[in-house]
Amino acid sequence: MAITITAFERSPDRGRGLARDMRVRWALEEVGQPYDVRLVSFELMKQSEHLALQPFGQIPTYEEGNLTLFESGAIILHIAERHTGLLPDDADAKARAVAWMFAAVSTMEQPIVELEVANILERNEPWYEKRLPAILGRIHTRLGQLSHRLGSAEWLYGEFSAGDLEMVSVLLRLRGPGILKEYPTLDAYVARGEARPAYRRAFEDQLAIFKAANPTR
């Protein structure tokens, strides 16, 4: 059955691959599954048609036959379990890869998103400057721990997995602020993820759709 995912009609990241539909695109490219993309506007995302698919009015969503999913992490886990290429066959190794998926979207991503929210929505608040060091401190603590754990390894645990896909996607959010450059081990790790052919195909497809929908950008 054909797979359809939703994405921003006018993505706030301007086609830089940071919107969470990019993670789903990458997963589908890794496992060799074709998919269609339905673009949704911010107005449509709050209407009943989309809320029936995503109760919080976000993207992406995933539709395949009678199955509808939301939350990019859950979608990627479904793809990884349904198709070969993103999870090991060994049960224990698979459990470790899934643990890294959760670590990426909870332990690592939470303070990174906190920084983004502060910079975008709270910069003019009187307490912004006092709060910022604490947020950055949490990010640097996690990056130091992750860098130590990765060490000289190519990927987090053995072969590339859905855990790496999620972790690279999360760390990419730090490239704009320049924080990633302070951790050469992680910077090189992210670059390896970006160099994967499946990532390049997903990124180019997302960027092409953004340019087509935003011809003046």
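Refer to the structure above for everything that follows.
Chemist: So what exactly am I meant to see when it comes to the sheet that holds strand β1 (residues 3-8) here?
Modeler: What links the strands of a sheet is backbone hydrogen bonding, and the strands pair in either a parallel or an antiparallel sense. If you walk across this open sheet you meet the four strands as β2-β1-β3-β4, and the pairing is mixed. In this open sheet, the two strands that pair with only one neighbour each are β2 (36-40) and β4 (67-70). Recorded for the sheet is a direction-independent mean angle of 20° between the axes of neighbouring strands. Relative to β4, strand β3 (residues 61-64) is paired through four bridges, and the arrangement is antiparallel. Within β4, the residue paired with Tyr62 across the bridge is Leu69. On top of the sheet, helix α1 (residues 21-30) reaches β1 and β2; it is set at about 150° to β1, its chief contact. Of the strands in this sheet, β3 and β4 touch helix α4 (residues 72-82), which is tilted by about 130° from β4.

Chemist: What exactly am I supposed to notice about the pairing of β1 here?
Modeler: Along any regular strand, the residues point their side chains to alternate faces of the sheet. When you tally the buried positions in β1, you get six out of six residues, the bulk of the element. Both β1 and β3 contribute to a ladder of three bridges, which runs antiparallel. Looking across to β3, one finds that Ile3 is bridged to Glu64. As judged from the five bridges shared by β1 and β2, these two strands associate in the parallel manner. Residue Ala7 lies in a different strand from β2, and its bridge partner there is Leu39. Taken together, β1, α1 and β2 constitute a β-α-β crossover, and its handedness is right-handed.

Chemist: Can you walk me through unusual backbone geometry in this structure?
Modeler: Glycine aside, residues mostly have negative phi, and peptide bonds are mostly found in the trans state. Cis geometry is found at the peptide bond from Ile59 to Pro60, where omega equals 5°. Within the element layout of this structure, Pro60 appears in the loop between α3 (48-51) and β3. Non-glycine residue Glu71 carries a positive phi angle of around 75°. Of note, Glu71 is situated in the loop between β4 and α4.

Chemist: Got a minute to help me understand the environment of Phe70 in this structure?
Modeler: Mapped onto the elements, Phe70 comes out in strand β4. Taking the relative accessible area as the measure of exposure, Phe70 reaches 30% and is therefore partly exposed. With ten residues separating them along the chain, Phe70 and Pro60 place their C-alpha atoms 6.5 Å apart. Apart from residues no more than four positions distant in its own chain, Phe70 is found in contact with Leu53, Gln54, Pro55, Phe56, Pro60 and Ile75.

Criteria and cut-off values
- Residues numbered from 1 in each chain as written.
- Predicted model: local features only at pLDDT ≥ 70, side-chain atom pairs only at ≥ 80, totals over all residues.
- Heavy atoms only, no water.
- Pairing = 2+ DSSP bridges.
- Helix = DSSP H or I, 4+ residues; strand = E, 2+ residues; numbered from the N terminus.
- Axes fitted to C-alpha atoms, helices over the stretch in contact; angles between N-to-C directions.
- Contact = heavy atoms within 4.5 Å.
- Buried < 20%, exposed > 50% of the residue type's maximum accessible area, 1.4 Å probe, protein only.
- Right-handed = clockwise from strand over helix to strand, strands pointing away.

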